[in-house]
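A look at the structure
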Amino acid sequence: MTQQITIHQHPYFVALRQLELPAGDYVIAGSGPLLAHGIRTEISDLDIVTRRAAWEHVRTMGPVQDAPWEDVQRILLLGGRLEVLNGWFPSMWDVDEFIDSAEFYRGLPFAPLDRVLRWKRRLGRAKDLADIDATLHYLTRVPFAS
């Protein structure tokens, strides 16, 4: 039997904690919330949406690049496994409102699953469609416990 590691043991979350981002100025987006809920058992990277002090802190750690959508900037750390962004689909959400809507699980801020569904529906890639199905199945059977 394979033992599943917790999010606090996962190397991406260990690296996130080592960034020492200011509390209240970031949220975990992308597939991170799916891993936290147990909807996915692995992820290829961790998307971290930041603002104000958190973004300024990370800007000292690597070159700022354009993200592939909507005038968002990013900094890639840990060989690209941590993607730190200064926004998340700005045509859908203001960064402050997006971060303020975080749901906390094991002391970490995650984007709510209804938002995960919205951006995955918008992107519509094959992996997003699979995540949508798995998330909808999860939401019909298990409430999120913090």
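The structure under discussion appears in the preceding block.
Rules used in this analysis
- Residues numbered from 1 in each chain as written.
- Predicted model: local features only at pLDDT ≥ 70, side-chain atom pairs only at ≥ 80, totals over all residues.
- Heavy atoms only, no water.
- Helix = DSSP H or I, 4+ residues; strand = E, 2+ residues; numbered from the N terminus.
- Buried < 20%, exposed > 50% of the residue type's maximum accessible area, 1.4 Å probe, protein only.
- Contact = heavy atoms within 4.5 Å.
- 1 Å grid on protein atoms, 1.4 Å probe; cavity = no way out; pocket = protein on both sides within 12 Å on 5 of 7 lines; lining within 4 Å.
- Points joined across faces, edges and corners; volume = space filled by probe spheres on them.
- Nonpolar A, V, L, I, M, F, W, Y, C, P; charged D, E, K, R; others polar.
- Salt bridge = Lys/Arg side-chain N within 4 Å of Asp/Glu carboxyl O.
- Phe/Tyr/Trp six-rings, centres within 6.5 Å; stacked < 30°, edge-to-face > 60°.
- Axes fitted to C-alpha atoms, helices over the stretch in contact; angles between N-to-C directions.
- Parallel < 35°, antiparallel > 145°, perpendicular 65-115°, else oblique.
- Left-handed = near helix turned anticlockwise from the far one by under 90°.

Quick look at the side chain of Arg115 now. Along the polypeptide, Arg115 turns up in helix α5 (residues 113–123). With relative accessibility at 12%, the residue Arg115 sits in the buried group. Setting aside chain neighbours within four positions, we find Arg115 in contact with Trp93, Glu97, Phe98 and Ser101.

Quick look at unusual backbone geometry now. Of note in the backbone geometry, Glu70 takes a positive phi value of approximately 50 degrees without being a glycine. When you line up the elements, Glu70 lands in the loop between β3 (65–66) and β4 (73–77).

Each pocket or cavity is described by its volume, and for the largest pocket that value is around 290 Å³. Surrounding the largest pocket, 18 residues form its lining, Gly30, Asp45, Asp47, Arg125 and Lys127 being those nearest its centre. Broken down by element, the residue count for the lining of the largest pocket peaks at 3 residues, all from α5. Residue classes in the lining of the largest pocket are distributed as 7 nonpolar, 3 polar and 8 charged.

So, on to the pattern of salt bridges. Note on pairing: side chains with opposite charge can pair once their charged atoms come close. Under the definition given, this model contains 12 salt bridges. Measuring nitrogen to oxygen at the nearest pair gives 2.6 Å for the salt bridge that ties Arg115 to Glu97. Here Glu97 lies in helix α4 (residues 95–100) and Arg115 lies in helix α5, a separation of 18 residues in the sequence.

Let's shift gears to the environment of Ala54. By secondary structure assignment, the location of Ala54 is in helix α3 (residues 52–58). Between the alpha carbons of Ala54 and Ala23 there is a distance of 8.3 Å; along the sequence they are 31 residues apart. Those residues within four positions of Ala54 in sequence are excluded, and the remaining contacts are Leu21, Pro22 and Asp25.

Let's shift gears to the packing of aromatic side chains. Under the counting rule described, the total for this entry stands at 9 aromatic pairs. Judged by centre distance (5.1 Å) and plane angle (10 degrees), the rings of Trp69 and Phe89 are stacked. In this pair, Trp69 is assigned in the loop between β3 and β4 and Phe89 in the loop between β5 (82–85) and α4, connecting sequence segments 20 residues apart. Neither residue differs from the other here; Trp69 and Phe89 are each classed as buried. Taking the centre distance of 4.9 Å and the plane angle of 75 degrees together, the rings of Trp88 and Trp119 count as edge-to-face. With a gap of 31 residues between them, Trp88 in the loop between β5 and α4 and Trp119 in helix α5 connect regions that are remote in the sequence. Of the two residues, Trp88 and Trp119, neither departs from the other in class, the shared state being buried. In this structure an aromatic cluster arises from ring pairing among Trp69, Trp88, Phe89, Trp93, Phe98 and Trp119.

We now examine the packing of α5 against helix α6 (residues 126–139). Direction vectors running N to C along α5 and α6 enclose 150 degrees, while the axes themselves pass 9 Å from each other. In terms of their interaxial angle, α5 and α6 are classed as roughly antiparallel. Crossing hand, α5 versus α6: left-handed. Across the interface between the two elements, Leu113, Leu117, Lys120, Arg121 and Leu123 from α5 touch Asp128, Asp131, Ile132, Thr135, Leu136, Tyr138 and Leu139 from α6. Taken together, the residues of the contact of α5 with α6 sort by class into 7 nonpolar, 1 polar and 4 charged.

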